Amino acid sequence: MSTLLVIAKSPVAGRVKTRLTTRFTPEQAAGLARAALEDTLAAVLATPVRRRVLVLDGPPGPWLPAGIEVVAQCAGGLDARLAAAFALAGGPALLIGMDTPQVTPALLLAGLDFGGADAWFGPADDGGFWSLGLAEPDPALLLGVPMSVPHTGTAQRGRLTASGRVVRDLPGLCDVDTPADAARVAASAPGTRFAALHRCLCAVRR
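Predicted model only: the values in this text are computed from it and were never measured.

Colleague: Break down the pattern of salt bridges for me, citing the residues and quoting the values.
Modeller: Counted by the stated rule, this structure contains 8 salt bridges. The salt bridge partner of Asp177 is Lys17, with a shortest N-O separation of 3.8 Å. Residue Asp177 is located in the loop between strand S7 (167–169) and helix H5 (179–188), and its partner Lys17 is located in the loop between strand S1 (3–9) and helix H1 (26–45); the two are separated by 160 residues in the primary sequence. Across this residue pair, the class does not change: Asp177 and Lys17 are buried. Residue Asp39 is joined to Arg193 by a salt bridge in which the shortest nitrogen-to-oxygen separation is 3.2 Å. Note that Asp39 is positioned in helix H1 and Arg193 in helix H6 (residues 193–205), a separation of 154 residues in sequence. Residue Arg193 is classed as partly exposed on the basis of its relative accessible area of 44%. A cluster of three or more residues bridged by salt bridges with shared partners is formed by Lys17, Asp99 and Asp177.

Colleague: I'd like a rundown of helix H2 (residues 78–87), residues and numbers included.
Modeller: By the burial criterion, the buried members of H2 are Asp79, Leu82, Ala83, Ala85 and Phe86. Taken around the axis of H2, the buried residues stretch over an arc of 155 degrees, which confines them to a single face. The elements touched by buried residues of H2 are S1, strand S2 (51–57), strand S4 (93–96) and strand S6 (129–134).

Colleague: Give a detailed account of the pairing of S2, specifying residues and quantitative values.
Modeller: Counting buried positions over the 7 residues of S2 gives 6, a clear majority of the element. By the bridge criterion, 7 bridges tie S1 to S2 in an arrangement that is parallel. Looking at the pairing, Lys9 lines up with Asp57 of S2. A crossover connection joins S1 to the parallel S2 through H1; in handedness this β-α-β unit is right-handed.

Colleague: How would you explain the sheet that holds S2 if you had to name every residue and give the values?
Modeller: The 7 strands are arranged S3-S2-S1-S4-S6-S5-S7 in an open sheet whose pairing can be described as mixed. Looking along the sheet, the strands with just one partner apiece sit at the ends: strand S3 (69–72) and S7. Across the sheet, the axes of successive neighbouring strands diverge by a mean angle of 20 degrees, strand direction being ignored. Sheet topology note: the strand S5 (residues 119–123)/S7 ladder contains 3 bridges and is parallel. Bridging across to S7, Ala119 finds its partner in Val167. The strands that H1 touches are S1, S2 and S4; relative to S1, the one it contacts most, it runs at about 170 degrees. Packed on one face of the sheet, H2 meets S1, S2, S4 and S6 and runs near 150 degrees to S1.

Colleague: Explain the side chain of Thr100 to me, and be specific about the residues and the numbers.
Modeller: With respect to the helices, strands and loops of the structure, Thr100 is situated in the loop between S4 and helix H3 (105–110). With sequence-adjacent residues up to four places away left out, Thr100 is seen in contact with Thr40, Trp130, Leu173, Cys174 and Asp175.

Colleague: Quick rundown of the environment of Ala35? Include the residues and the values.
Modeller: Its place among the elements puts Ala35 in helix H1. Judged by relative accessible area, Ala35 falls into the buried class, the value being 4%. Discounting residues that sit within four places of it in the chain, Ala35 has contacts with Arg193, Phe194 and Leu197.

Colleague: Go over the nonpolar core with me, naming the residues and quoting the values.
Modeller: Formed by 29 residues in total, the largest nonpolar core has its most connected members in Leu37, Leu54 and Leu108. Elements represented by at least two residues in this core include exactly S1, H1, S2, S4 and H3. Here the element with the most residues in this core is H1; it accounts for 6 residues. Setting aside residues no more than four positions away along its own chain, Leu37 makes contact with Val6, Ala8, Lys9, Pro11, Leu54, Trp63 and Met98.

Criteria and cut-off values
- Residues numbered from 1 in each chain as written.
- Predicted model: local features only at pLDDT ≥ 70, side-chain atom pairs only at ≥ 80, totals over all residues.
- Heavy atoms only, no water.
- Salt bridge = Lys/Arg side-chain N within 4 Å of Asp/Glu carboxyl O.
- Helix = DSSP H or I, 4+ residues; strand = E, 2+ residues; numbered from the N terminus.
- Buried < 20%, exposed > 50% of the residue type's maximum accessible area, 1.4 Å probe, protein only.
- Arc of directions from axis to C-beta.
- Contact = heavy atoms within 4.5 Å.
- Pairing = 2+ DSSP bridges.
- Right-handed = clockwise from strand over helix to strand, strands pointing away.
- Axes fitted to C-alpha atoms, helices over the stretch in contact; angles between N-to-C directions.
- Core = buried A, V, L, I, M, F, W, Y, C linked by side-chain atoms within 4.5 Å.

Any link to function would need more than the numbers given here.
Below, the structure is given as C-alpha cells:
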C-alpha cells in the first residue's frame, strides 16, 4: 500500500498564515492554521494507507493525533523539502500540504490510484498545487521547480509530463492563504474545524 505525506509548519503565532493577519490577529491566524492542520490530519487518518507521515517544520503539539509518524523537514528551498519528503516514502506516495482543510479521504484515495497513472497532480487556485502523487518518487521531478510563484503548478506539471509519465489531474482546490481564501474554504466545507473557528472569529469581529 501507499504512503500519505503531509508537509506542514507547526501552528505557531507569527510563523504561520501571516497573510491572514490583515484581518485576524497572529494568534487567530495560528488558530486557523491549527484547525486546518487538524482537519487535514483527520482526513489522512480516515484514508486506508500503509504509512501516514507528517513532515514538520517546528515541534509537534497537542494537535497531533495518534497514528501519524512525524519527521522533521530538511533544510533548503521548498523544492528540496518536497523531494526529501517523497524520499521518505520508499514507494508510491501522495503528498499534500496543510492549507486545504476541505480535503476528503475520497480525494486522497483517488490520488493514490496508480492503476492508470504514473502521477497525480492536484492544481490549486493560486497557480500552485495542493497535491502531488508519484508511483515512483524521484527527486529530479521536483528539484529546481520554481516554488511559490504564479506558474509553479504549470512548471511542476510540465516537469512530470516531460519525464514521459502518464499524469492525471485531481480536482482543483483553494489553498487558504488570504482572508478571502479562508472565507471561501470555510463556506465550501462548513462541517470542518476550520469552518467552525472561522465562523466564531468572524462573529467576534462584527
